[in-house]
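# Observations on the model geometry
Here is what each chain is made of, one letter per residue.
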Amino acid sequence: ADNRIGVLVMSYGTPESMDDIETYYTHIRRGHPPTPEQLQDLSSRYEAIVGGVFPLRANTDRQVAGLQAALDEVDPGRYVCYQGLKHARPYIEDGVQRMADDGIREAVGIVLAPHYSVMSVGSYIKRAEEQAQALGLQIRFVESYHLHPKLLLALSDRVKRGLARFGADTAPAEVHVLFSAHSLPARITEMNDPYPRQLLETAAAVADRAGVTNWSFTWQSAGRTREPWLGPDILDSLRELQGKGAARVLSAPIGFVSDHLEVLYDIDLEARQVAERLGLQLERIEMLNTDPLYLETLAESVAAEARTAA
Ligand code: FEC
């Protein structure tokens with residue numbers, strides 16, 4: 001019998017080309033095409049970012065290859081990774097289909113985002129589960145891994161290195177560490193969603209391990225819709241910090257694991273520009289990308305979930 005375990009590695013997805021931005025944006029908007037102004041705005045953000053126009057695709061490819069290698073270390077030949085993207089090809093459904101086509105009967109799904117929200121990870125899982133059910137495939141999920149010791153170690157190392165960027169003359173306590181994650185519509189709090197709590201838990205644990213006491217948590221990249229989103233927004237937090245006399249801020253976008261638009265544009269261009277106007281020095285921690293500690297976090301979480309099936 002085939003005892004291989006399929007690993008559905010799910011990530012946000014990014015356009016394949018400039019021409020593909022409209023299709024991608026329409027998918028994010030659940031089938032509603034953007035207005036020409038909205039499309040132009042998003043296209044110009046992609047054009048502005050450094051490190052390539054769509055760095056998320058190559059980063060996700062490298063993370064999936066790295067996870068495959070980490071799983072092969074643990075148990076050679078046992079796990080086979082498949083990509084499933086939320087808003088681009090190969091879609092989550094395509095990944096599950098490929099597993100079924102390859103004869104995989106049992107699978108574990110994991111999202112390249114450490115914190116669970118019904119509106120983020122929950123919606124990846126729902127789509128994977130529906131497709132798996134339709135194809136008669138057994139699938140279980142890692143829902144979150146926001147307090148995995150290796151994730152916390154990787155992030156706290158980055159915070160320490162980030163503090164060093166302010167120079168030997170700056171004491172770490174003079175730097176305010178501003179943790180952040182993607183905002184979501186504020187109505188998730190009425191649903192008792194774990195997302196805000198999990199993010200605060202990661203922030204507190206990372207601060208503790210890095211010896212940081214001067215920190216706060218804020219939200220970034222809120223959607224431009226009429227409904228209220230979780231706040232405060234990072235740009236308001238920068239203004240408030242400056243008003244309280246802060247001069248140096250280290251941005252730690254711990255809700256993300258890769259270099260992509262929401263970091264390279266929203267933090268490195270937009271937030272930095274606001275900081276500059278306020279006379280604040282803003283630095284950012286490096287993203288996890290293919291940090292071996294992150295890949296081991298994923299591999300160990302997948303293996304632990306696979307064991308609970310046995
Ligand atoms: O680099 C790239 O090409 C992709 C960057 C990217 C990441 C990402 C992660 C998250 N999002 C989350 C929630 C929402 C909600 C909406 C929404 C909209 C967008 C738009 C773009 C976009 N997101 Fe995203 N997100 C990324 C990119 N996101 C582009 C559309 C234009 C805009 O608003 O800027 C609102 C959708 C709606 O209209 O209903 C909600 C969450 C994450 C982090 C977790 C995860 O990775 O899944 C949550 C990366």
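Residues numbered from 1 in each chain as written. Predicted model: local features only at pLDDT ≥ 70, side-chain atom pairs only at ≥ 80, totals over all residues.

Another point: the sheet that holds strand β3 (residues 106–111). Ordered by their spatial adjacency, four strands build an open sheet running β2-β1-β3-β4, and the pairing between neighbours is parallel. Sheet topology places β2 (79–85) and β4 (138–141) at the edges, where each strand pairs with a single neighbour. Pairs of neighbouring strands in the sheet enclose a mean axial angle of 25°, with direction left out of account. Summarising the sheet, strand β1 (residues 5–11) and β2 pair through seven bridges and their orientation is parallel. Residue pairing in the sheet places I5 in a bridge with Y79 of β2. With respect to the sheet, helix α4 (residues 92–101) is in contact with β1, β2 and β3, its orientation differing from that of β2 by roughly 155°. (Pairing = 2+ DSSP bridges. Helix = DSSP H or I, 4+ residues; strand = E, 2+ residues; numbered from the N terminus. Axes fitted to C-alpha atoms, helices over the stretch in contact; angles between N-to-C directions. Contact = placed C-beta atoms within 7 Å.)

The next point concerns the site of the ligand. The full set close to the ligand counts 20 residues, and T14, S120, G223, H260 and L261 are the nearest of them. Counting residues per element, the ones that place at least two in the shell around the ligand are α1 (21–28) and α9 (261–264). (Near = placed C-beta within 6 Å.)

An ideal rise of 1.5 Å per residue puts 22 Å on 16 residues; helix α7 (residues 195–210) measures up with 23 Å between its terminal C-alpha atoms. Among the residues of α7, those classed as buried are Y195, Q198, L199, T202, A203, V206, A207 and A210. Angularly, the buried residues of α7 cover 165° about the axis, an arc narrow enough to put them on a single face. Residues of α7 that are buried make contact with α6 (149–164), β5 (175–182) and β6 (215–220). In the segment just after α7, G211 is the residue with positive phi, at about 70°. (Expected span 1.5 Å × (residues − 1). Buried ≥ 20, exposed ≤ 12 C-beta atoms within 10 Å, placed from the backbone. Arc of directions from axis to C-beta.)

Moving on, we get to the UniProt feature "binding site: Fe-coproporphyrin III" (unreviewed entry) in the chain. The feature "binding site: Fe-coproporphyrin III" (unreviewed entry), as annotated in UniProt, sits at Y12, R29, R45, Y46 and Y124 in this numbering. Sequence-wise these annotated residues cover 113 residues; spatially they are dispersed, their C-alpha atoms as much as 25.2 Å apart. Position of R29 relative to the elements: it lies in the loop between α1 and α2 (36–48). Relative to the assigned elements, Y46 resides in helix α2. In contact with Y46, not counting residues within four places along its chain, are I21, V53, F54 and L261. (UniProt positions renumbered as here; feature names shortened; annotations may be inferred.)

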